[in-house]
Amino acid sequence: MDTNLTLDEALEELVSAEDFLDYFGVPYEPTVVHVNRLHILQRFHDYLNRYAKEMPADDGERTAIYKQWLSQAYDDFVKSDALTEKVFAVFQNVPTADGGMSSFVSLDKVFRS
């Protein structure tokens, strides 16, 4: 990757969980990433949305924040698994009107960030 890119430009070139982990210098076990890549990236996205709403303008400061939350997202799946963490709505059971449980996700919620 071109080292002269801004953080935003570099982020646009990252396409896989491994790319993100490598770029931010987060050590990882390939087998953990192989099984949980989408979960790790979604958890990273969720952490940023929840805890880092006001991003500093400085690339160095933002890089440190991104690294912190990506590292935490990866660590979540080292210590646990996708079923336990329930990152995606399809893994989250909700009560139904008849007293049962459902993991149904309507299309309007699928494309919501």
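Here the structure is shown first, and the text comes after it.
Okay, so let's go over this structure. (Residues numbered from 1 in each chain as written. Predicted model: local features only at pLDDT ≥ 70, side-chain atom pairs only at ≥ 80, totals over all residues. Heavy atoms only, no water.)

1. A short note on the nonpolar core
Under the convention used in this document: Buried Ala, Val, Leu, Ile, Met, Phe, Trp, Tyr and Cys residues form a nonpolar core when they are joined through side-chain atoms within 4.5 Å. Only protein chains enter the accessibility calculation, which uses a 1.4 Å probe; a residue whose area is less than 20% of its type maximum is buried, one above 50% is exposed, and one in between is partly exposed. Segments assigned H or I by DSSP are reported as helices when at least four residues long, segments assigned E as strands when at least two residues long, and all are numbered from the N terminus. Residues count as neighbours in contact if any of their non-hydrogen atoms are within 4.5 Å of one another.
Counting residues in hydrophobic clusters, the biggest one holds 20 residues, and the most contacted among them are F24, I40, F44 and L70. For this core, the secondary-structure elements that each account for two or more residues are α2 (17-23), α3 (30-51) and α4 (59-79). Once you skip the residues sitting within four places of it in the chain, F24 turns out to touch L7, L11, L14, T63, Y66, K67 and L70.

2. Remarks on the pattern of salt bridges
Worth spelling out the cut-off: Every case where a carboxyl oxygen of Asp or Glu lies within 4 Å of a side-chain nitrogen of Lys or Arg is listed as a salt bridge.
Applying the stated criterion across every chain yields a total of five salt bridges. One salt bridge in this structure joins E18 and R37, with 2.7 Å as the shortest N-O distance. In this pair, E18 sits in helix α2 while R37 sits in helix α3, placing the two residues 19 residues apart along the sequence. As a salt-bridge pair, K79 and D75 come within 3.0 Å of each other at their nearest N and O atoms. Taken together, the residues K79 and D75, both in helix α4 and four residues apart, mark about one turn of the helix. When its relative accessible area of 68% is taken as the criterion, K79 is described as exposed. Since its relative accessible area comes to 24%, D75 is described here as partly exposed. Linked by salt bridges that have partners in common, D8, D59 and R62 make up one network.

3. What to know about the packing of aromatic side chains
The geometry of an aromatic ring pair is captured by the separation of the ring centres together with the interplanar angle, meaning the angle of the planes. The line we're drawing: Working definition: a ring pair exists when centres of Phe, Tyr or Trp rings (six-membered ring for Trp) sit within 6.5 Å. Plane angles under 30 degrees give stacked, over 60 give edge-to-face, the rest tilted.
Evaluated as defined, the whole model comprises seven aromatic pairs. Each ring, one from Y23 and one from F24, has its centre 5.0 Å from the other, and the planes form 90 degrees; the classification is edge-to-face. A centroid spacing of 5.8 Å and a plane angle of 70 degrees characterise the contact between F24 and Y66, whose relative ring orientation is edge-to-face. In this pair, F24 sits in the loop between α2 and α3 while Y66 sits in helix α4, placing the two residues 42 residues apart along the sequence.

4. Quick look at α3
Put simply, the rule is: Every helix has an expected span of 1.5 Å times one less than the residues it contains. What we call the bend at a residue is the angle made by axes fitted to the seven residues finishing there and the seven residues starting there.
For α3, which comprises 22 residues, the first-to-last C-alpha distance of 27 Å sits more than 12% below the rise-based estimate of 32 Å (1.5 Å per residue). Taken as a whole, α3 carries its principal kink of about 85 degrees at N36.

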